[in-house]
Amino acid sequence: RGMRIIDKISTIDAKAKLFAAGGVPILSISGTDELAYLDQQLCTVSMRIREAEAQRQTLIAVINHDLRTPLGSILGGLEIFTEGVLGDLPELEKAALVACSNDLEQLMKKINELLSIEKIEAGAMQLRKENVVLNSFAKGVLKKVQNDDSNVEILFLLDPNAIESVSFVDREILEHVLSALLENA
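Since we're looking at a predicted model, the values are computed, not measured. (Residues numbered from 1 in each chain as written. Predicted model: local features only at pLDDT ≥ 70, side-chain atom pairs only at ≥ 80, totals over all residues. Heavy atoms only, no water.)

A.B. asks: Summarise the environment of Val24; cite the residues concerned and give the values.
C.D. replies: Mapping Val24 onto the fold places it in the loop between helix H1 (5-20) and helix H2 (34-82). Once residues lying within four places of it in the same chain are set aside, the contact partners of Val24 are Leu18 and Arg50. (Helix = DSSP H or I, 4+ residues; strand = E, 2+ residues; numbered from the N terminus. Contact = heavy atoms within 4.5 Å.)

Now the structure itself:
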């Protein structure tokens, strides 16, 4: 005869919990009813999610090794020219190489931010929390952003009641977040 409805529901519930805990459920309810279909869909979706996760991990590895490493080499090579190690360059060529170097540094910064987010999600990054006076911290970040791109004018309003407001945060991560918000303003 087949499984009772309550047994099928219990089986699907157990599979959902297994999947949530990182396991891979296997198809075990046969038949043509809605619960058998639900079991089939749960197994199919969980398999697709695991495949997508494996592809994401592969992409992160490619970004980490196959993209970041050559960019570091290119930046090092550009630095040799822009610092005049091999002799002075004409100003026009030097300016072009400095612009390329700046663009590559920004790309490296974005790659490192992506990898940092990956580390946070994986629980592999240790947060270094400390007390930060938010108003002065925000002003410092704003000054850095404006120095990095002198063509940008940003109006940044701070709450006068929060002048001495202190938060217990990871300074580096907060700076990344605030810089990204200001750069995209």
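That shown, we press on.
A.B. asks: Outline the side chain of Asp170, supporting the account with residue identities and numerical values.
C.D. replies: By the element assignment, Asp170 lies in strand E2 (residues 166-170). Put simply, Asp170 is tucked away with no salt bridge, and the nearest opposite charge, on Arg128, sits 4.9 Å away. Of the polar contacts made by the side chain of Asp170, one reaches the backbone nitrogen of Glu172; its length is 3.1 Å. Of note is the side chain of Asp170, whose polar atom sits 3.1 Å from the backbone nitrogen of Ile173. (Buried < 20%, exposed > 50% of the residue type's maximum accessible area, 1.4 Å probe, protein only. Lys, Arg positive; Asp, Glu negative; His and termini not counted. Salt bridge = Lys/Arg side-chain N within 4 Å of Asp/Glu carboxyl O. Polar contact = N/O pair within 3.5 Å; in protein donor to acceptor, adjacent residues only side chain to side chain.)

A.B. asks: Quick one: what's the story with the pattern of salt bridges, residue by residue and with numbers?
C.D. replies: The tally for this structure, following the rule as stated, stands at 10 salt bridges. The salt bridge involving Asp13 is made with Lys17; its shortest N-O contact spans 3.1 Å. Of the two residues, Asp13 and Lys17 are both situated in helix H1; the distance of four residues between them amounts to about one turn of the helix. Taking the relative accessible area as the measure of exposure, Asp13 reaches 39% and is therefore partly exposed. As a salt-bridge pair, Lys144 and Glu175 come within 2.8 Å of each other at their nearest N and O atoms. In this pair, Lys144 is assigned in helix H4 (residues 134-148) and Glu175 in helix H5 (residues 171-183), connecting sequence segments 31 residues apart. Residue classification places Glu175 among the partly exposed residues on the basis of a relative accessible area of 22%. Several salt bridges share partner residues, and in doing so they unite Glu53, Arg56 and Glu118 into one network.

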